[in-house]
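One letter stands for each residue in the lines below.
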Amino acid sequence: MADKTEIYNRVMTELGQTNAPSMTDVKANEVVIFNQQYDPAMKKLLAVRNWLWLEENQQIADDLAIDLEYQLEPGDPRPEFRYEWALPDDCLQVKGVYAAPHYKGQSVPYRLKNQKIYTHGEHLYLSYVKKPCEKDMPEWFVDYAVYFIARRMCRPVTGDRELMQELRANEIEAMKDALSADIRQQPIDALPSDVFISGR
């Protein structure tokens, strides 16, 4: 578990800034540069791939559904979809809507509008990308972020080209480790019990 301050401190260590100012010193040069770099850097890192560690799969409680047909007055046209659900607060992007508990089950038609999702079914199993939060970042992603930000800050903070090359090499290795670790987040479906046959 990491936070922005921890990431800043690790970046300063990688830059050899043993006496770096505290993050609370918002006017210090290092802190100003870090704050300028942080959000754009994280945006770039999160766009490297569809990170599996950000994928959430859950059933939305049935009692949160609003039955739009139940609310119809005589003569009202039927809605395109019967049920309305509010998306989870941490939902950044919907990947799929399913009719079965397993998120790779049968997908169902749906429509998104104003942070609401509309479906025909009274049960909702949702696969989505959640909004990133520092405390949820895996350690291997934090390592990648530290080297990435340190390399971007190296020139304005230190002007050391050799250090920048070293940070770039470390960043590449950290990226490989992060991609490998994230791939291992992919769930492996169990084989059916009758997949093997007896030898003769």
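Our structure's up above, just so we're on the same page.
Read on for an overview of the structure. (Residues numbered from 1 in each chain as written. Predicted model: local features only at pLDDT ≥ 70, side-chain atom pairs only at ≥ 80, totals over all residues. Heavy atoms only, no water.)

## Quick look at the layout of surface pockets
Right, on to step 1. When its volume is computed, the largest pocket comes out at roughly 160 Å³.
Right, on to step 2. Around the largest pocket, the lining residues are L46, A47, R49, N50, W51, L54, L92, Q93, V129 and P132.
Right, on to step 3. Split by residue class, the lining of the largest pocket holds seven nonpolar, two polar and one charged. (1 Å grid on protein atoms, 1.4 Å probe; cavity = no way out; pocket = protein on both sides within 12 Å on 5 of 7 lines; lining within 4 Å. Points joined across faces, edges and corners; volume = space filled by probe spheres on them. Nonpolar A, V, L, I, M, F, W, Y, C, P; charged D, E, K, R; others polar.)

## Let's talk about the sheet that holds strand β3 (residues 83-86)
Right, on to step 1. An order of β2-β3-β6-β5 is seen for the four strands of this open sheet, with the pairing classed as antiparallel. Taken across any chain shown, the strands that pair with only one partner, and hence form the sheet edges, are β2 (66-67) and β5 (110-113).
Right, on to step 2. Summarising the sheet, β5 and strand β6 (residues 116-119) pair through four bridges and their orientation is antiparallel. Bridged to L112 within β6 is I117. (Pairing = 2+ DSSP bridges. Helix = DSSP H or I, 4+ residues; strand = E, 2+ residues; numbered from the N terminus.)

## Looking at the sheet that holds strand β7 (residues 124-130)
Right, on to step 1. Strand order in this open sheet of three strands is β1-β7-β4, and the pairing throughout is antiparallel. Two strands close off the open sheet at either side, each with one partner strand: β1 (55-60) and β4 (91-98). Looking at each pair of strands side by side, their axes are set apart by 30° on average, direction ignored.
Right, on to step 2. One ladder, built from six bridges, connects β1 with β7; its direction is antiparallel. Looking at the pairing, E55 lines up with V129 of β7. (Axes fitted to C-alpha atoms, helices over the stretch in contact; angles between N-to-C directions.)

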